[in-house]
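# Summary of the model geometry
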Amino acid sequence: MKPSSYTQSVDIDLAIKEHLPLVKRIAHQICSRLPPNVEVDDLIQEGLTGLLDALTRYEPQANLNFEICLEETVSFFVIINIYLIKYSILYKGITSVNC
């Protein structure tokens, strides 16, 4: 995938440091509505993956702020991770049944 023009104009390390509090806030907000066995650190890790994805895909537009794009992308990555965890638990449970 070709890097976006936004990615070429931004220092990735600086962008991660700048947006890490937002990623953590989103992860904590989502984790507060989940069972206690879900680790907030796992959600933060997926949020950082979403941050990197947003940095590489974002193309500046007059009506689309990067922070809005970032919030949507980070939330998406965190929620998808929750579904994957749930699916893997269900899948393991199904395959462990002896017929």
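The coordinates are above.
Just so you know, these numbers come straight off a predicted model, no measurement behind them.

Across its full length, the protein holds 4 helices and 0 strands. Counting helices and strands in the order they occur from the N terminus, the protein gives α-α-α-α. Expressed as a percentage of the 99 residues in the protein, the buried residues total 31%.

It is worth spelling out helix α3 (residues 40-57) at this point. For α3, built from 18 residues, the straight-helix expectation of 26 Å at 1.5 Å per residue is met to within 8% by its first-to-last C-alpha distance of 25 Å. Looking at α3, one finds that the buried residues are Val40, Leu43, Ile44, Gly47, Gly50, Leu51, Asp53, Ala54 and Leu55.

For the structure on display, the rule yields 2 aromatic pairs. Each ring, one from Tyr58 and one from Phe66, has its centre 5.2 Å from the other, and the planes form 70 degrees; the classification is edge-to-face. By relative accessible area, which is 3% here, Phe66 ends up buried. On the numbers, 5.9 Å between centres and 85 degrees between planes, the contact of Phe76 with Phe77 is edge-to-face. Here Phe76 falls in the partly exposed class, since its relative accessible area comes to 49%.

So, on to the side chain of Asp53. Here Asp53 lies in helix α3. Polar side-chain contacts of Asp53 include one of 2.8 Å to the side chain of Arg57. Every residue in contact with Asp53, bar those within four places of it in the chain, is listed here: Thr73 and Phe77.

Counted under the stated rule, the structure contains 2 salt bridges. A salt bridge links Arg57 to Asp53; its shortest N-O distance comes to 2.8 Å. With Arg57 and Asp53 both in helix α3, this residue pair falls 4 residues apart, about one helical turn.

Here is what the cut-offs are and how they apply
Residues numbered from 1 in each chain as written. Predicted model: local features only at pLDDT ≥ 70, side-chain atom pairs only at ≥ 80, totals over all residues. Heavy atoms only, no water. Helix = DSSP H or I, 4+ residues; strand = E, 2+ residues; numbered from the N terminus. Buried < 20%, exposed > 50% of the residue type's maximum accessible area, 1.4 Å probe, protein only. Expected span 1.5 Å × (residues − 1). Phe/Tyr/Trp six-rings, centres within 6.5 Å; stacked < 30°, edge-to-face > 60°. Polar contact = N/O pair within 3.5 Å; in protein donor to acceptor, adjacent residues only side chain to side chain. Contact = heavy atoms within 4.5 Å. Salt bridge = Lys/Arg side-chain N within 4 Å of Asp/Glu carboxyl O.

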